[in-house]
Amino acid sequence: MIDHLLTVKISHWDGVIRELSAKALCNLVQRAPEYGATQVFPRLLSMTRSPDLHTRHGAVLACAEVAHSLCALAEQQNRPVADYLDEAAVQGLKQIHQQLWDRQLYRGLGGELMRQAVCVLIEKLSRSRMPFRGDAVIDGWQRLINDTLRHLHHISSHSRQQIKDAAVAALAALCSEYYAEGPGEAAGAGHGGLVEQCLAELQSPEEMARCGFSLALGALPRFLLRGRLRQVLEGLGAVTRVSPENLSFAESRRDAVRAIARVCQTVGASAEGAPDEVVCRENAAQVYRTLLACLQDYTTDSRGDVGAWVREAAMTSLMDLTLLLGRDQPELIEAPICQQVMCCLAQQASEKIDHFRAHAARVFMALLHATGPAGPTVPHVPHREELEKLFPRSDVASVNWAAPSQAFPRIARLLGLPIYRYHVLLGLAVSVGGLTESTVRHSTQSLFAHTKGIQDDRQAVEGFGESLLQVFEDNLLNSRVSVPLLRMLDQMLAHGCFDVLTAEEDHPFCVRLLALCKAEIHKSKDVQKLRSSIAVFCGMVQFPGGVRRKVLLQLLLLLCHPFPVIRKTTASQLYEMLLTYGDTVGVGVLDEVTAVLSGTAWDEELPLVRAQRNHLCDLLGVPRPQLVPKPAVH
């Protein structure tokens, strides 16, 4: 079997077969260690110098696996490594990298395969504790890893992730074995300013270099981070921030967020510790602020919602950090921070993309139900008792959070808890006003079920309306939220969700809603936004008082909008509104108003349309809009 792998499979044309063959050899030589040492190893070493790319790649991978297997066996049997790997074999392993470097075999497409294979070799030899401490080969390996991470953008996209992971794993193993303090050495002697070098590369204009060195910092052992934690966290925090220059650098932001959590897990937590050594009272809040800010990354580019990658990584990192602190130093989790984390997770769990909604729900449940010997691991969870009833532990495994039909009815229960209501509404607005049919249907049903349940409680409806308007105000002119929010408001008004408020003239809810809608569409050229606002204005006619006249005025203004499609939409929706709420404008003029609306070609020239619009103003008792004269140009 070993001979077959060596002669046929190690040089196979399919890279996956070569990788599996190397792993198979790793297992088989443990059964025949002497044969592996005397027959297999010399053949593999000679194959690493082959001019054929596939043979060379397979041989380097096999050398890595076989060497690691034999070293592990020697350790298991308490025998010296030299029993299985003689001096010639160790020297042969040491020379592989330099031979490839000298022959320039790390360049071009073949170079991608060789970089990945040698990174695996570095990782396995480091884990095997080869006696190379202080040897020049360590500098050569470090140079290769740095060069690979720095030039990831030159590597083809289909193999980039694999090479990045291999280089980072190699660096972690290399540092742990060869840069650790030995007898009479300072901590991290010989690393040659590795941390500073990684931090400098985080400002690279190449996104992939930022990705690679962020993950490299996340993989470093504790002794290299000691005394530099503040610099590392600040450097990674800077990569997570969105600016006009790095708007599309979502992958580097994602990898920096992952690295922050890994660094925190590596150094551990101690409330009274030094901020340059551990996560402590001085720096915990700043780490949370950085991660929470990443949950607001909604960047989109030609690839779609790339910010979702950052948000997913931020949720995972928040879970890892919170569980770490909850287990070791719960006093570092302050009540306002815990509230913010749980509310932001609730928002993400009510948004429109199934995969990310499910991830948020799993993280939410993990933090809620995390328990240790002394009880709940995470302190200060708002409304913990109610949450445990609404989301029992059995839901963790039984509910498919990616299915809208299962997720939204459960998430909508949070609308009854005032602390969570704002954030859940913010997430639901995007889902209810979205485009995916199943998401829209189930989120809308869940929202309406909640509003129906509070119709008899005027105070609850007013509190709900207040939260909804706050979401609108905070996201004014942010089309990602405001356009679907207008669609949601249209459905809620049509469904009678605010009927209890229509008994009072000029209720503050409708006055404020009108002001926000006017501000949202002011000078807007977004047809979708204008169409959605027309529907909301038509729904607001059911509110009595002065606000009704102002709503009618807005609709009549839109009848003379510069865009013909908006004029036609307004006329059509105004006609339907008058048929629904005809008693609100007076029965006497209803027939004439509907006749003018249906009999006018609203896509004609503006002067013709304006005359008909002014006639409608007179019929409805609304003052005619006056044209504002343009300032004279001198």
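Looking at an unreviewed UniProt entry, one finds the protein named Tubulin-specific chaperone D, with Phyllostomus discolor as its source organism. Within the UniProt record for the protein, the comment given under Sequence similarities (unreviewed entry) is "Belongs to the TBCD family."

Participant: Quick question: what am I supposed to make of the overall build of the protein here?
Facilitator: Each helix and strand counted, the protein has 30 helices and 2 strands in total. Along the first, second and third principal axes, the C-alpha atoms of the protein reach 105 × 60 × 55 Å. For the protein, the proportion of its 634 residues judged to be buried stands at 54%. Counting only contacts in the protein whose residues sit at least 6 apart along the sequence, the fraction spanning at least 24 positions is 68%. Summed over its atoms, the accessible surface of the protein is roughly 27600 Å², and 53% of this surface lies on carbon and sulfur atoms.

Participant: Looking at this structure, I do not really get the environment of E386. What am I missing?
Facilitator: Topologically, E386 is positioned in helix α18 (residues 384–390). In sequence terms E386 and L417 are 31 residues apart; their C-alpha atoms lie 8.6 Å from each other.

Participant: In this structure, what is going on with the confidence of the model for the protein? I would like to understand it.
Facilitator: Note: predicted coordinates in regions of low pLDDT should not be interpreted at a detailed level. Chain-level pLDDT for the protein is 92 on average; 96% of the residues reach the 70-or-more range. Taken as a whole, residues 183–190 scores under 50 in pLDDT and shows 11 contacts with residues more than four places along the chain or in a different chain.

Participant: Where do I start with the domain arrangement of the protein in this structure?
Facilitator: Interfaces are often sized by the amount of accessible area the parts lose when they come together. Once the domains are mapped, the protein shows domain 1 (1–180), domain 2 (192–332) and domain 3 (455–620). A straight line from the C-alpha centre of domain 2 to that of domain 3 covers 46 Å.

Participant: How should helix α20 (residues 404–411) be read in this particular structure?
Facilitator: For an α-helix the count is 3.6 residues per turn, leaving residues at separations of three or four pointing the same way. All buried positions along α20 are accounted for by P404, A407, F408 and I411. Each buried residue of α20 sits inside an arc of 90° when the element is viewed along its axis, so together they form one side. Close packing links the buried residues of α20 with α17 (354–369), α21 (418–432) and α22 (437–453).

Participant: I tried to follow the pattern of salt bridges on my own but got confused; where do I start?
Facilitator: Side-chain pairing between opposite charges can occur once the charged atoms of the two side chains come close. Here the structure, examined in full by the defined rule, presents 30 salt bridges. For R127, the salt bridge is made with E123, and the minimal N-O distance between the two is 3.1 Å. In this pair, R127 and E123 both sit in helix α6 (residues 108–127), 4 residues apart, roughly one turn of the helix. The exposure class of E123 is buried, given its relative accessible area of 15%. Each of the salt bridges in this network shares a partner with another, and the network as a whole consists of K164, E251, R254, D255, R258, D301 and R303.

Participant: When you look at the packing of aromatic side chains in this model, what are you seeing that I'm missing?
Facilitator: For any pair of aromatic rings, the description rests on two quantities: the centre-to-centre distance and the angle between the ring planes. Considering all chains together, one arrives at 8 aromatic pairs under this definition. Their ring planes at 70° and their centres at 5.8 Å tell us that F132 and W141 sit as a pair that is edge-to-face. Across the pair, exposure class does not vary: F132 and W141 are buried alike. Of the aromatic side chains, those joined through ring pairs into one cluster are F364, F391, W401 and Y420. For R143, the ring lying beneath its charged end belongs to W101, and the centroid distance is 5.7 Å. In this structure, R480 packs its charged tip against the face of Y298, placed 3.5 Å from the ring centre.

Participant: Would you mind showing me how to read unusual backbone geometry here?
Facilitator: Glycine aside, the phi torsion of most residues is negative, and most peptide linkages are trans. Here Q104, not a glycine, exhibits a phi torsion of approximately 55°, which is positive. Take Q104: it is sitting in the loop between α5 (87–102) and α6. By relative accessible area, which is 47% here, Q104 ends up partly exposed. In the Ramachandran plot, K523 falls in the positive-phi region, its phi being about 60° despite a non-glycine side chain. Secondary-structure assignment places K523 in the loop between α25 (508–521) and α26 (527–540).

Participant: Hey, could you run me through the packing of helix α1 (residues 2–9) against helix α2 (residues 15–28) in this one?
Facilitator: Helices that pack against each other are described as a pair by the angle of their axes relative to one another and the distance between those axes. Contact geometry of α1 with α2 gives a least axis separation of 10 Å together with a crossing angle of 155°. Judged by the inter-axis angle, α1 sits roughly antiparallel to α2. Relative to α2, the crossing made by α1 is left-handed. Between α1 and α2, the contacting residues are I2, L5, L6 and K9 on the first element and I17, R18, S21, A24, L25 and L28 on the second. When the residues that make up the contact of α1 with α2 are grouped by side-chain class, the tally is 7 nonpolar, 1 polar and 2 charged.

Participant: Explain the packing of α5 against helix α7 (residues 136–150) to me, please; I cannot follow it from the model alone.
Facilitator: Contact pair α5 / α7: the axes reach a minimum separation of 10 Å and the direction vectors enclose 55°. As summarised for this structure, α5 and α7 are arranged oblique, according to the angle between their axes. Crossing geometry of α5 relative to α7 is assigned as left-handed. For the pair formed by α5 and α7, the contact residues are K94, H97 and W101 on the first element and V137, G140, W141, R143 and L144 on the second. Taken together, the residues of the contact of α5 with α7 break down into 4 nonpolar, 2 polar and 2 charged.

Participant: Is there a simple way to think about the UniProt feature "domain: Tubulin-folding cofactor D C-terminal" (unreviewed entry) in the protein in this case?
Facilitator: UniProt annotation of "domain: Tubulin-folding cofactor D C-terminal" (unreviewed entry) refers to residues 339–529 when read in the numbering used here. Segment residues 339–529 splits into 66% helix and 2% strand. End C-alpha atoms: 33 Å apart.

Participant: Is there a simple way to explain the side chain of S126 in this structure?
Facilitator: Residue placement: S126 occurs in helix α6. Classification of S126 as buried rests on a relative accessible area of 2%. If near-sequence neighbours (up to four positions away) are discounted, S126 is found in contact with W141, A173, L174, E177 and Y178.

Participant: How do you make sense of helix α10 (residues 207–219) when you look at a structure like this?
Facilitator: Between its first and last C-alpha atoms α10 spans 19 Å; for 13 residues at 1.5 Å apiece the expected length is 18 Å, and the two agree. Within α10, 12 of the 13 residues are buried, which leaves it mostly tucked inside the rest of the structure. Residues of α10 that are buried: E207, M208, A209, R210, C211, G212, F213, S214, L215, A216, L217 and G218. Buried residues belonging to α10 abut α7, α8 (157–178), α9 (194–201), α11 (222–225), α12 (229–240) and α13 (250–267).

Participant: Would you mind going over the environment of D52 with me for this structure?
Facilitator: Its place among the elements puts D52 in the loop between α3 (33–47) and α4 (53–76). For the pair formed by D52 and S11, sequence separation is 41 residues and the distance between their alpha carbons is 8.5 Å. Within the structure, the side chain of D52 is placed 2.7 Å from the side chain of T55, a separation counted as a polar contact.

Participant: Is there a simple way to explain the state of the cysteines in this structure?
Facilitator: Note on terminology: a disulfide is the covalent bond linking the sulfur atoms of two cysteines. A full pass over the atoms with the stated rule returns 0 disulfides. Its sulfur unpaired, C198 is 8.0 Å from the next cysteine sulfur, which belongs to C175. Classification of C198 by relative accessible area gives buried; the value is 1%. You can see C338 has no disulfide; the closest cysteine sulfur is in C343, sitting 9.3 Å from it. Residue class for C338 comes out buried when judged on its relative accessible area of 3%.

Rules behind the numbers
- Residues numbered from 1 in each chain as written.
- Predicted model: local features only at pLDDT ≥ 70, side-chain atom pairs only at ≥ 80, totals over all residues.
- Heavy atoms only, no water.
- UniProt positions renumbered as here; feature names shortened; annotations may be inferred.
- Helix = DSSP H or I, 4+ residues; strand = E, 2+ residues; numbered from the N terminus.
- Buried < 20%, exposed > 50% of the residue type's maximum accessible area, 1.4 Å probe, protein only.
- Contact = heavy atoms within 4.5 Å.
- Areas by Shrake-Rupley, 256 points an atom, 1.4 Å probe, with all protein chains shown as cover.
- pLDDT = per-residue confidence, 0-100.
- Domains from an automatic or database assignment.
- Arc of directions from axis to C-beta.
- Salt bridge = Lys/Arg side-chain N within 4 Å of Asp/Glu carboxyl O.
- Phe/Tyr/Trp six-rings, centres within 6.5 Å; stacked < 30°, edge-to-face > 60°.
- Lys NZ or Arg CZ within 6 Å of the ring centre and 35° of its normal.
- Axes fitted to C-alpha atoms, helices over the stretch in contact; angles between N-to-C directions.
- Parallel < 35°, antiparallel > 145°, perpendicular 65-115°, else oblique.
- Left-handed = near helix turned anticlockwise from the far one by under 90°.
- Nonpolar A, V, L, I, M, F, W, Y, C, P; charged D, E, K, R; others polar.
- Expected span 1.5 Å × (residues − 1).
- Polar contact = N/O pair within 3.5 Å; in protein donor to acceptor, adjacent residues only side chain to side chain.
- Disulfide = S-S within 2.5 Å.

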